[in-house]
Amino acid sequence: AALFLHGAGYSAMCGHAVLALGRFALDYGLVAAPSRPETAVRLRCPCGPVTAFVPWDGRCSGNPVRFHSVPAFAAATDLAVDVPGHGKVVVDIGYGGTFYAFLSAEQLGLDVCSSKNRDLVSAASAVTEAVKKQFKLHHPESEDLAFLYGTILTDGKDAFSEEPTTNICVFADEQVDRSPTGSGVTARIALQYHKGLIQLNQTRTFRSSTTGSLFTGKAVQATKFGKYNAVVVEVSGEAFYTGTATFTVEEEDPLKYGFFFK
């Protein structure tokens, strides 16, 4: 099982972490009988079961790693939202293990590749708050997962192309993802498939505007998820783990359940 923590709480899904956790599980002997040249590592995430496929040479893991998502779907398309300071914009809402709002940065008078990060973050955060107030989300299995995690601003290049499409993900309390966002790629692929812009097994490349790092994504299976037409998405990219930590809770600690300063 995996939990994904960030500065404002937890996420239901983190694709980049899934890639790294798959490698970690193999390198630290958490998988009983790994197989070459690739081992499937099954993780139970808050959003549901996710499988990572990790290169394995008999001694250590490698990159790139890929994962298959939970069913991903379009929750809303072409939704008009009034954003204070920016006026009316049109967004799509996609689910890829968690919910995101998507729109081109151009609608906000910005460029995802050249505008200042602070301006992109402020605008994306304003969109997130506006969508939360104006649209009610629904998750087919758990209302605990029916929350908007953040907004992803794109370069608007949603139609299929061999060229990378660039985005920035602003999530939680104005945090910025250093990767193209695994769950965001999943949701964006689901939206593109829903709109007929891509077909099954057509691979797209996604670039992070902050670091330039790349993921690829493709819809590999059509399915149903509650009332939604959904797809299982395969996301692939490089991931590296950086350390381990042990946390201890003492019963007498008056702040054992945590605290938050802002």
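Up top you'll find the structure we're talking about.
Quick summary incoming for the structure in this document. Predicted, not measured: the structure shown is a model, and the values here were computed from it.

Here's the deal with the overall build of the chain
Part 1 of the reasoning: Across its full length, the chain carries 3 helices and 14 strands.
Part 2 of the reasoning: Computed over C-alpha atoms, the radius of gyration of the chain comes to 18 Å, within 12% of the 18 Å expected from 2.2 N^0.38 for 262 residues, which places it in the range of a compact globule.
Part 3 of the reasoning: In terms of overall dimensions, the chain has a C-alpha envelope of 55 × 50 × 40 Å along the principal axes.
Part 4 of the reasoning: Per-residue burial over the chain gives 47% buried out of 262 residues.
Part 5 of the reasoning: Taking all contacts inside the chain whose residues are at least 6 apart in sequence as the whole, residues at least 24 apart take part in 58%.
Part 6 of the reasoning: Carbon and sulfur atoms make up 51% of the accessible area of the chain, which amounts to about 13,300 Å² in all.

A look at a nonpolar patch on the surface
Part 1 of the reasoning: Nonpolar side chains collect at one region of the surface, where Leu3, Leu5 and Tyr10 lie side by side and expose about 390 Å² of accessible area between them.
Part 2 of the reasoning: By the element assignment, Leu5 lies in strand β1 (residues 4-6).

Re the pairing of strand β5 (residues 65-68)
Consecutive side chains of a regular strand alternate in pointing toward one face of the sheet and then the other.
Part 1 of the reasoning: Side chains Val65 and Phe67 of β5 all project onto a buried face; the interleaved residues Arg66 and His68 project onto a face where none is buried.
Part 2 of the reasoning: Across 3 bridges, the pairing between strand β4 (residues 48-55) and β5 is antiparallel. Across the sheet, the residue bridging to Phe53 is Arg66, located in β5.

What to know about the nonpolar core
Part 1 of the reasoning: Core analysis: the largest hydrophobic core is formed by 66 residues, its most contacted members being Val18, Val91 and Ile93.
Part 2 of the reasoning: Excluding residues that lie within four positions of it along the chain, Ile93 makes contacts with Phe73, Ala74, Ala75, Ala76, Leu79, Phe99, Tyr100, Ala101, Val131, Phe135, Leu137 and Leu191.
Part 3 of the reasoning: By size, the runner-up hydrophobic cluster in this structure holds 9 residues, among which are Ala74, Tyr149, Cys169 and Leu191.

The rules behind the values
Residues numbered from 1 in each chain as written. Predicted model: local features only at pLDDT ≥ 70, side-chain atom pairs only at ≥ 80, totals over all residues. Heavy atoms only, no water. Helix = DSSP H or I, 4+ residues; strand = E, 2+ residues; numbered from the N terminus. Rg over C-alpha atoms; globule rule 2.2 N^0.38 Å. Buried < 20%, exposed > 50% of the residue type's maximum accessible area, 1.4 Å probe, protein only. Contact = heavy atoms within 4.5 Å. Areas by Shrake-Rupley, 256 points an atom, 1.4 Å probe, with all protein chains shown as cover. Patch = residues over 30% accessible without salt bridge, like charges linked within 9 Å, V, L, I, M, F, W, Y side chains within 5 Å. Salt bridge = Lys/Arg side-chain N within 4 Å of Asp/Glu carboxyl O. Pairing = 2+ DSSP bridges. Core = buried A, V, L, I, M, F, W, Y, C linked by side-chain atoms within 4.5 Å.

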